[in-house]
Amino acid sequence: MLIVLSLGGSILAKDLDSDRFLKYATVLRDISKKHTLLVITGGGEAARNYIGAARAMGADEVTCDYIGIEITRLNARLLIAALGPDGYPEIPLNYLEASKAMNSGKVVVMGGVTPGQTTDAVAAILAEYLRADLLTIATSIDGVYSSDPNCDSSAVKYDTISPEKLISIVMAIEMKAGSKSPVDPVAAKIIERCKLDALVMDARDPALLGEILGEEAAKKSPISCGTWITVRK
Ligand code: UTP
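All figures in this text were calculated on a predicted structure; none of them were measured in a lab.

Cut-off values and rules
Residues numbered from 1 in each chain as written. Predicted model: local features only at pLDDT ≥ 70, side-chain atom pairs only at ≥ 80, totals over all residues. Heavy atoms only, no water. Helix = DSSP H or I, 4+ residues; strand = E, 2+ residues; numbered from the N terminus. Rg over C-alpha atoms; globule rule 2.2 N^0.38 Å. Buried < 20%, exposed > 50% of the residue type's maximum accessible area, 1.4 Å probe, protein only. Areas by Shrake-Rupley, 256 points an atom, 1.4 Å probe, with all protein chains shown as cover. Near = heavy atom within 4 Å. Polar contact = N/O pair within 3.5 Å; in protein donor to acceptor, adjacent residues only side chain to side chain. 1 Å grid on protein atoms, 1.4 Å probe; cavity = no way out; pocket = protein on both sides within 12 Å on 5 of 7 lines; lining within 4 Å. Sits in = over half its atoms within 2 Å of the grid points. Nonpolar A, V, L, I, M, F, W, Y, C, P; charged D, E, K, R; others polar. Points joined across faces, edges and corners; volume = space filled by probe spheres on them. Contact = heavy atoms within 4.5 Å. Pairing = 2+ DSSP bridges.

## What to know about the overall build of the chain
Part 1: Looking only at helices and strands, the chain features 9 helices and 7 strands.
Part 2: Computed over its C-alpha atoms, the radius of gyration of the chain comes to 17 Å, within 12% of the 17 Å expected for a compact globule of 233 residues.
Part 3: Evaluated residue by residue, the chain yields a buried proportion of 51% over its 233 residues.
Part 4: Split by element, the accessible area of the chain, about 10,900 Å² in all, is 54% carbon and sulfur.

## Looking at the site of the ligand
Part 1: What surrounds the ligand is a group of 22 residues, the closest being G9, G43, D65, T114 and T119.
Part 2: Within the backbone of T114, a nitrogen or oxygen atom sits 2.6 Å from a nitrogen atom of the ligand.
Part 3: Note that an oxygen atom of the ligand is positioned 2.4 Å from one of the side-chain N or O atoms of T119.
Part 4: Taking 580 Å² as the accessible area of the ligand by itself, protein coverage stands at 87%.
Part 5: Comparing atom positions with the cavity grids shows the ligand to sit within the largest pocket.
Part 6: When residues of the shell around the ligand are traced back to their parent elements, those giving at least two are α1 (9-12), α3 (44-56), α4 (61-83) and α6 (119-130).
Part 7: Here the element with the most residues in the shell around the ligand is α4; it accounts for 4 residues.
Part 8: Per-class residue counts for the shell around the ligand are 5 nonpolar, 14 polar and 3 charged.

## Regarding the layout of surface pockets
Part 1: When its volume is computed, the largest pocket comes out at roughly 1,200 Å³.
Part 2: Lining the largest pocket are 44 residues, and of these R48, Q117, T118, T119 and K180 sit closest to its centre.
Part 3: For the lining of the largest pocket, the secondary-structure elements that each account for two or more residues are α1, α3, α4, α6 and β4 (134-139).
Part 4: Considering every element that reaches the lining of the largest pocket, the biggest residue donor is α4, with 6 residues.
Part 5: Residue classes in the lining of the largest pocket are distributed as 14 nonpolar, 21 polar and 9 charged.

## A word on the environment of M102
Part 1: Position of M102 relative to the elements: it lies in helix α5 (residues 95-102).
Part 2: The contact partners of M102, leaving out residues within four places of it in the chain, are L2, T36, L38, V108 and L130.

## A look at the environment of L37
Part 1: As for its position among the elements, L37 is in strand β2 (residues 36-41).
Part 2: Take L37: its relative accessible area is 2%, and that puts it in the buried class.
Part 3: Separated by 71 residues in sequence, L37 and V108 place their C-alpha atoms 6.8 Å apart.
Part 4: If we skip the residues at most four places from it in the chain, L37 touches I3, L5, L28, I31, S32, K106, V107 and V108.

## Comments concerning the side chain of T227
Part 1: By the secondary structure assignment, T227 is in strand β7 (residues 226-229).
Part 2: A relative accessible area of 0% means that T227 is categorised as buried.
Part 3: Within the structure, the side chain of T227 is placed 2.8 Å from the backbone nitrogen of V144, a separation counted as a polar contact.
Part 4: With residues up to four places along the chain from it excluded, the contact list for T227 reads D142, G143, V144, K157, Y158, D159, T160, I161, A198, L199 and V200.

## Observations regarding the pairing of strand β6 (residues 198-202)
Side-chain positions along a regular strand alternate between the two faces of the sheet.
Part 1: Within β6, 5 of the 5 residues are buried, leaving the element largely enclosed by the surrounding structure.
Part 2: Both faces of β6 are covered, namely the face carrying A198, V200 and D202 and the face carrying L199 and M201.
Part 3: Where β4 and β6 come together, 5 bridges link them in parallel fashion. By the bridge assignment, A138 is partnered in β6 with M201.
Part 4: When β6 meets β7, the two strands line up antiparallel, connected through 4 bridges. Paired with V200 across the bridge in β7 is T227.

## Let's talk about empty space enclosed by the protein
Part 1: For the structure shown, the criterion picks out 1 cavity of 30 Å³ or more.
Part 2: Of the volumes computed, that of the largest cavity is approximately 40 Å³.
Part 3: Considering the residues around the largest cavity, the lining is formed by I141, G143, Y145, S147, D148, P149, I173, K180 and P182.
Part 4: Among the residues making up the lining of the largest cavity, the classes are represented as 5 nonpolar, 2 polar and 2 charged.

Scope: geometric values only; no functional claims are made or implied.
Take a look at the structure:
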C-alpha cells in the first residue's frame, strides 16, 4: 500500500524528547518494510510558541504561517536524523519533489508547503496527488466526534464517517471559538473531492501506530483508537 501519514507535531515533538523521535522512527522504518510511506510532520508546541511571538510583534498571518512551516520542517529534519540511512535525506519542498523522492525506497519526510493551511492539508493533497491507498492523520484524539469532546461532554465518537459528514462537523467546530477540529477543513475538503480512504487515530503511542498501519490498515475495519473516513458502505 502507498500510505501518506500526517504525524502531528503535538505527539511527535512534545518536549523535543529524542527518545520519542527514535521510537517513532523505529515504527516508521518497520511500516516502510511493508508499505511505501511518506510522512508529513506537524509543528506542535514550538510552532505555536513561535507564531505567538510573531503575532505579538504585529506580524501578519502569512508571515506567521511561514514561521509555522519552518518549524514543521525542523521537526521533519529531526525525524530524518532519527531515521538515519532509512530516511530520504532531503526535505521535499513541494508535492512534485515528494513524488520524485518516493521512488527512493526510503521513508520520505516533509513539513508544510504553503501558507493558509496545516500539515493535515499537505498530507491530504499529497495523498490525492500520489493516488495513495490510505491517508492517516495521527493525532492525540482517538477519532472524529460529533462535536469537540473538550467542550461538549455529550459528544459521541464515530467508528466510520462519510467525507460529507466530516466536513459538516469540522465546519461547525471551526465556527466555535476555542474549539479545535481533529481534521483541518482544507484536508476534509480534499478527502471529499478525491474519495480517499482516511484514518484519524490516536497515535500518542508509537507502537499502536505501528500495529495499525502495519497490519490493521489493510483490512480497513473499525478500530477503537480511531475513525475511518470513507465513502464505502
Ligand atoms: P501544523 O500542521 O503543525 O498545525 O502546522 P497544527 O494544527 O498546530 O497541528 P499539530 O499541533 O502539529 O498537530 C503549524 C503551523 O504551520 C503553518 C500554519 O500556521 C500552522 O498552524 N503551516 C503549516 C502553513 O501555513 N502551511 C502548511 O502547509 C503547513
